[in-house]
Number of protein chains: 2
Amino acid sequence: MKRAVVLLSGGLDSTTTLFWAKNKGYKTYCLIFDYGQRHRREITSAKEIARYAGCKYQVIKISLPWKGSSLLDKKISIPQSANAAFGRHPAKGGGWQTGGAPAKAGRANVIPSTYVPARNTIFLSFALSYAEAIGADSIFIGANAVDFSGYPDCRPGYFKIFNQLALVATKKGVIGKKIKIFTPLIYKTKTAIVRAALNLGVPLELTWSCYAGGKKPCGACDSCVLRKKGFLALQMEDPAYA
Amino acid sequence: MKRAVVLLSGGLDSTTTLFWAKNKGYKTYCLIFDYGQRHRREITSAKEIARYAGCKYQVIKISLPWKGSSLLDKKISIPQSANAAFGRHPAKGGGWQTGGAPAKAGRANVIPSTYVPARNTIFLSFALSYAEAIGADSIFIGANAVDFSGYPDCRPGYFKIFNQLALVATKKGVIGKKIKIFTPLIYKTKTAIVRAALNLGVPLELTWSCYAGGKKPCGACDSCVLRKKGFLALQMEDPAYA
């Protein structure tokens, strides 16, 4: 049975990606990161989801002592974003206006304060290590470049180059074998992701997307707003927000 | 004053690289990793060196619970390598025969058991995060592809692609600024590195290269053998082995 490492945050996108990989016949190994995020509730969710899905998982604890992100530093407030839903892929004519602070017309590349420097590169490098150690040839990440927060390390061009890196970074690559990064949700709208989640039997009630760090989802942060958009279009209630 | 993050292991190569960067006028910020390596003595050395050099430093503790390397797993013995000194850069006609177990003639790409899956990718991803958080536009790593152990993530092609990744992985990259990875030792022989260290005033007696995890350097592991080679050619005693 082919093996895959899945980056699992406990949110809607990564959980859907996990079930996507399982549905494709992979034996999945989840990587969960405890990186000092204020929304620590997502770690509990991720572990519950991995157990629900019957997957092995590793929780990797890392510290990023340099902060510089509102996800790591409680002194910086989480942006309340009415504009989050307007992130668009540039291929679709949208530029990268999105984000935490209301995006200004004509100003591309607004990246919100929730951006954590090089976070996906850190996560993927651990995934690469894990994949090589267990003999997995695939890594799945639930990154999305349509209804997203504008993070640079969620864009198609980023994953294209990370795939090139994976070829030269590992022992496996040197002997001509590949470890490939898959981003099955990259071009999907949030609505399409919710639809996929429903089809794949994702336990939506277990997922956690909110950044704010409260006991209930705030409904106002980037991540909550984007998620809400997905459910609204399908005219259904989000079981995690019930 | 321009800032640089320097990956500092406490060994000869990374310490020389630190002094190289300082000599080029950078304000240097050291990153030291505590990743469960059996030769924990190098962490103490790295901290001493950073203090000696008057640099700020961060010690990042990470766990790689999947093991798979003799540097992480004491059940796997550290190779005693008489062949370590024969690693050659392919551009110089040498192939990649090198390593822990004696390299067999005609068999390229022998990578020793001391290889830690994706280690440099993990280290560089943290460096990228640190650099972006403190506004540094340079990262220095003491990788070497001449007298080295054959690790894939020490080769020029690897760093070339990591540099491409750095352009798309960060917020800084998105707004058209670069964070660049420099490998000043990449094409140097170990002898040339020792010579550079002497010229730069590197405190050689503080450095620690041995993999074995003892209180004194073993003199027989890959890393000790390569280091010995550098000093032998200059007919000088290595102060760290005195």
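First, a word on scope: everything that follows refers to the structure included in this document. Note that this is a predicted model, so its numbers are computed, not measured.

**Quick word on the overall build of chain A**
What chain A contains, in helices and strands, is seven helices and five strands. Put simply, chain A runs from its N terminus to its C terminus through helices and strands in the order β-α-β-α-β-α-β-α-α-β-α-α. Taking all 242 residues of chain A together, 60% fall into the buried category. Within chain A, residue pairs in contact and separated by at least 24 positions form 72% of the contacts whose partners lie at least 6 positions apart.

**Description of helix α7 (residues 222-233) of chain B**
Residue and element names in this part refer to chain B. The terminal C-alpha atoms of α7, which comprises twelve residues, lie 17 Å apart, in line with the 16 Å expected from a rise of 1.5 Å per residue. Packed against the buried residues of α7 are α1 (12-23) and α6 (190-200). Q235 occupies a position one or two residues after α7 and carries a positive phi of about 50 degrees.

**Side note on the nonpolar core**
Ranked by size, the top nonpolar core spans 100 residues in total, and within it A:L31, A:I62, A:F126, B:L31, B:I62 and B:F126 carry the most contacts. Contributions of two or more residues to this core are made by β1 (3-7), β2 (27-34), α3 (119-134) and α4 (156-169) of chain A together with β1 (3-7), β2 (27-34), α3 (119-134) and α4 (156-169) of chain B. Every residue in contact with A:I62, bar those within four places of it in the chain, is listed here: A:F33, A:D34, A:Y35, A:G36, A:I122, A:F123, A:F126, B:I62 and B:F126. Judged by nonpolar contacts, the second largest core, of 26 residues, contains A:V6, A:L8, A:A46 and A:V194.

**Overview of the packing of aromatic side chains**
What the rule picks out here adds up to 23 aromatic pairs over all chains. Taking 6.3 Å as the distance between ring centres and 50 degrees as the angle between the ring planes, the aromatic pair formed by A:Y158 and A:F162 counts as tilted. Residue A:Y158 and its partner A:F162 are located together in helix α4, separated by four residues, close to a single helical turn. With relative accessibility at 0%, the residue A:F162 sits in the buried group. Aromatic rings pair up to connect A:F33, A:Y35, A:F123, A:F126, B:F33, B:Y35, B:F123 and B:F126 into one cluster. Directly above the aromatic system of A:Y26 lies the positively charged group of A:K2, at a separation of 4.4 Å from the ring centroid.

**Side note on the interface of chain B and chain A**
Tallying the contact residues gives 38 residues for chain B and 38 residues for chain A. Both sides together, the interface formed by chain B and chain A hides about 3,400 Å², and carbon and sulfur atoms give 73% of it. If you sort the residues of chain B by the area they bury against chain A, B:W66, B:L165 and B:V174 come out on top, with a joint share of 19%. Counting the contacts that link chain B with chain A gives zero salt bridges. The interface formed by chain B and chain A includes nine residue pairs in polar contact (both at pLDDT 80 or more). Among the elements of the structure, β3 (56-61), α3, α4 and α5 (171-174) of chain B are those that each provide at least two residues to the side of chain B that touches chain A. When residues in the side of chain B that touches chain A are grouped by element, the largest group, nine residues, is from α3(B). The residue inventory of the side of chain B that touches chain A, partitioned by class, reads 23 nonpolar, nine polar and six charged.

**Focus: the sheet that holds strand β3 (residues 56-61) of chain A**
Strands belonging to one sheet form pairs held by backbone hydrogen bonds; the direction of such a pair is parallel or antiparallel. All names here are of chain A. Strands sit in the order β3-β2-β1-β4-β5 across an open sheet of five strands; the sheet is parallel. At either margin of the open sheet sits one strand with a lone partner, and together these are β3 and β5 (180-182). On average, adjacent strands in this sheet sit at an angle of 25 degrees to one another, irrespective of strand direction. Pairing between β1 and β2: five bridges, direction parallel. By the bridge assignment, V5 is partnered in β2 with Y29.

**Considering the pattern of salt bridges**
For side chains bearing opposite charge, pairing can occur when the charged atoms are close. Residue and element names in this part refer to chain A. Summed over the entire model, instances satisfying the criterion amount to ten salt bridges over all chains. Its salt-bridge partner being D34, residue K61 comes within 3.8 Å of it at the nearest N-O pair. Placement of the pair is K61 in strand β3 and D34 in strand β2, with a sequence separation of 27 residues. Salt bridges sharing partners connect three or more residues here, namely D34, R40 and K61.

The rules we used
Residues numbered from 1 in each chain as written. Chains lettered and ligands numbered in written order. Predicted model: local features only at pLDDT ≥ 70, side-chain atom pairs only at ≥ 80, totals over all residues. Heavy atoms only, no water. Helix = DSSP H or I, 4+ residues; strand = E, 2+ residues; numbered from the N terminus. Buried < 20%, exposed > 50% of the residue type's maximum accessible area, 1.4 Å probe, protein only. Contact = heavy atoms within 4.5 Å. Expected span 1.5 Å × (residues − 1). Core = buried A, V, L, I, M, F, W, Y, C linked by side-chain atoms within 4.5 Å. Phe/Tyr/Trp six-rings, centres within 6.5 Å; stacked < 30°, edge-to-face > 60°. Lys NZ or Arg CZ within 6 Å of the ring centre and 35° of its normal. Buried area = accessible area lost by both parts, 1.4 Å probe. Salt bridge = Lys/Arg side-chain N within 4 Å of Asp/Glu carboxyl O. Polar contact = N/O pair within 3.5 Å; in protein donor to acceptor, adjacent residues only side chain to side chain. Nonpolar A, V, L, I, M, F, W, Y, C, P; charged D, E, K, R; others polar. Pairing = 2+ DSSP bridges. Axes fitted to C-alpha atoms, helices over the stretch in contact; angles between N-to-C directions.

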